[in-house]
Amino acid sequence: MTTVEERLLPSAEPIQLIDQHGVPHDHPQYGLPSEQTLVDGYAQLVKGRRINDQAGALVRQGRLAVYPSSHGQEACQVAATMVLRDQDWLFPTYRDTVSIISRGVDPIETLTLLRGDWHSGYDPYQRNVAPQATPLATQLIHAVGVAHAARLKGEDTVVMALCGDGATSEGDFHEALNFAAVFKAPVVFFIQNNEYAISVPLARQTVAPSLAHKGIGYGVPGERADGNDLAGLLAVLGQAVDKARAGEGPQLIEAHTYRVQAHTNADDATRYRNDAEVAPWLERDPLKRLEAFLVERGLLGESLKKQVVAAADEAAEALRVGLMEEVQPDPAELFDHLYAEKTPQLKEQAAFLQDELAREEA
Ligand SMILES: Cc1ncc(C[n+]2csc(CCOP(=O)(O)OP(=O)(O)O)c2C)c(N)n1
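Residues numbered from 1 in each chain as written. Predicted model: local features only at pLDDT ≥ 70, side-chain atom pairs only at ≥ 80, totals over all residues. Heavy atoms only, no water.

Core analysis: the biggest nonpolar cluster contains 60 residues, and Leu64, Met160, Val188, Phe190, Leu290 and Leu294 have the highest contact counts within it. For this core, the element with the highest residue contribution is helix 9 (residues 230–245), accounting for 10 residues. Ignoring any residue separated from it by four or fewer positions in sequence, one finds valine 188 in contact with Val158, Val159, Met160, Ala161, Leu237, Ala240, Val241, Ala244, Gln251 and Ile253. Formed by 25 residues, the second largest nonpolar core is a distinct cluster that contains Phe91, Val144, Leu177 and Ala181. (Core = buried A, V, L, I, M, F, W, Y, C linked by side-chain atoms within 4.5 Å. Buried < 20%, exposed > 50% of the residue type's maximum accessible area, 1.4 Å probe, protein only. Helix = DSSP H or I, 4+ residues; strand = E, 2+ residues; numbered from the N terminus. Contact = heavy atoms within 4.5 Å.)

Below is the structure:
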């Protein structure tokens, strides 16, 4: 018989299977993913980093309105989708562009929202990826709804719901956890604790022992992982997905990572933190450590590395070219897709806009 503590409490320390120097460590509960999985994951990390860099450059060129970078958080981004099956769903936030792309959504379609042209540039049903949510934690409620519906229909679906540390202070986060727990919805709540909510550090957000502890009050098991260790994340998230799929109800996972860059291009992080704080996190880079591990094991030679970099460069170049294209969005589309049938107010507003546009053209 397991005690409540054994069932619900997260580990005292975040799970880490490969340390920041690339050295593997045994763990009694979690094993290293297969070599092929780690090589595939490495390729995705490299691509994710290139996409982050390219998107940053596109903002500077005025081609994207805004970009919340996940630089340094790529292991979380990639692991969140690698553990899913095709029938599963991903519920991302504005920071999770790389996660969406690693799920197989077209990068240009993915970035259409942040370009400011459209509600969402991709069809959510194509790869089972919900639109990126900007209002904090609202997507968690939707994720629980999809998971609950899938369970009622007897479908074999798990929902991966992403959020940041700041979002755990929102009422929606708590409502989502409680509902999911009561109805045993197959959801994995995955918090990327990157230490900041814009300028608010974690210490001003909560005094909970960890964010993974927040599940206890709702009866949701929590676990924590080193958010810069792809191997540890794959093991912990993989186990959480398996449990949710097996009918054990929602799981709460916290990844300890760091927002290496500013909140977005509109933010100046030097106003609230200094280089000395950032420096140790650069040493914990998720790409460097996995690369060191793979090279040491003889799994990543020069030619494979070149191939991986070339594929990432190609993806970034396609993104650059695609987003350089001029688009002429139709302002009338603003009113589409909000309701299956437009409300009288929306109809009135749409007519008003058409009238204004016609007058402008005349
Ligand atoms: C409901 C709501 N309140 C406030 C905001 C403004 N806002 C945008 S991002 C952000 C910080 C979120 O931090 P966190 O959840 O840690 O995610 P991160 O940006 O670090 O990935 C805030 C307060 C918002 N988008 N939605």
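This brings us to the domain arrangement of the chain. For the chain, the domain assignment lists domain 1 (4–329) and domain 2 (331–361). The C-alpha centroid of domain 2 is placed 36 Å from the C-alpha centroid of domain 1. (Domains from an automatic or database assignment.)

Okay, the packing of aromatic side chains next. Per the counting criterion, the structure on display carries six aromatic pairs. Measuring from ring centre to ring centre gives 5.6 Å for tryptophan 89 and tyrosine 125, while their planes differ by 85°; the resulting arrangement is edge-to-face. Residue tryptophan 89 is located in strand 1 (residues 89–91), and its partner tyrosine 125 is located in helix 6 (residues 124–127); the two are separated by 36 residues in the primary sequence. Taking the relative accessible area as the measure of exposure, tryptophan 89 reaches 12% and is therefore buried. Joined through ring pairs, the aromatic side chains of Tyr196, Tyr258, Tyr272 and Trp281 make up one cluster. Arginine 273 extends its terminal NZ or CZ atom over the ring of tyrosine 196, reaching a point 5.3 Å from the ring centre. Seen from the ring of tryptophan 281, arginine 284 lies directly overhead, with NZ or CZ sitting 4.4 Å from the centre. (Phe/Tyr/Trp six-rings, centres within 6.5 Å; stacked < 30°, edge-to-face > 60°. Lys NZ or Arg CZ within 6 Å of the ring centre and 35° of its normal.)

Strand order in the open sheet formed by five strands is 1-2-3-7-6, and the pairing between neighbours is parallel. This sheet does not close on itself; its edge strands, each paired only once, are strand 1 and strand 6 (222–226). Here the average twist between neighbouring strands, direction ignored, is 20°. Here three bridges tie strand 1 to strand 2 (residues 159–164), and the two strands are oriented parallel to one another. Bridged to tryptophan 89 within strand 2 is valine 159. Helix-sheet contacts for helix 7 (residues 138–152) involve strand 1, strand 2 and strand 3 (187–193), and the interaxial angle to strand 2 is about 170°. (Pairing = 2+ DSSP bridges. Axes fitted to C-alpha atoms, helices over the stretch in contact; angles between N-to-C directions.)

Moving on, we get to the environment of isoleucine 100. Relative to the helices and strands, isoleucine 100 is located in helix 4 (residues 97–102). Separated by 29 residues in the primary sequence, isoleucine 100 and valine 129 have C-alpha atoms spaced 7.1 Å apart. Non-local contacts of isoleucine 100, meaning those with residues more than four positions away in its chain, are made with Leu90, Pro92, Val105, Thr110, Tyr122, Val129 and Gln132.

This next bit is on the site of the ligand. Inspection of the region around the ligand gives 15 residues, with Tyr94, Arg95, Gly166, Ala167 and Tyr196 positioned closest. Contact distances for the ligand include 3.0 Å between a nitrogen atom and a backbone N or O atom of threonine 134. Leucine 136 places a main-chain nitrogen or oxygen 3.1 Å from a nitrogen atom of the ligand. Taken by itself the ligand offers 580 Å² of open surface, and the protein chains cover 71% of this. The residue makeup of the shell around the ligand, split by class, is seven nonpolar, five polar and three charged. (Near = heavy atom within 4 Å. Polar contact = N/O pair within 3.5 Å; in protein donor to acceptor, adjacent residues only side chain to side chain. Areas by Shrake-Rupley, 256 points an atom, 1.4 Å probe, with all protein chains shown as cover. Nonpolar A, V, L, I, M, F, W, Y, C, P; charged D, E, K, R; others polar.)

Bringing the pairing of strand 6 into the picture now. Of all five residues in strand 6, five are buried, a share of seventy percent or more. Residues Gly222, Arg224 and Asp226 point to one face of strand 6 and Glu223 and Ala225 to the other, with burial holding for every one of them. Pairing between strand 6 and strand 7 (residues 251–256): five bridges, direction parallel. Within the sheet, the bridge partner assigned to glutamate 223 lies in strand 7 and is isoleucine 253.

Running from amino to carboxyl end, helix 5 (residues 107–115) crosses helix 12 (residues 302–324) at an angle of 50°, the nearest separation of the two axes being 10 Å. It follows from the interaxial angle that helix 5 and helix 12 lie oblique. In terms of crossing hand, the pair formed by helix 5 and helix 12 is right-handed. Between helix 5 and helix 12, the residues in contact are Pro107, Ile108, Leu111 and Arg115 and Ala318, Leu319, Gly322 and Leu323, respectively. Among the residues making up the contact of helix 5 with helix 12, the classes are represented as six nonpolar, one polar and one charged. (Parallel < 35°, antiparallel > 145°, perpendicular 65-115°, else oblique. Left-handed = near helix turned anticlockwise from the far one by under 90°.)

The grouping of Phe179, Val182 and Phe183 at the surface amounts to a nonpolar patch, some 280 Å² of accessible area in total. Locating valine 182 in the fold gives a position in helix 8 (residues 171–182). Take valine 182: its relative accessible area is 57%, and that puts it in the exposed class. (Patch = residues over 30% accessible without salt bridge, like charges linked within 9 Å, V, L, I, M, F, W, Y side chains within 5 Å. Salt bridge = Lys/Arg side-chain N within 4 Å of Asp/Glu carboxyl O.)

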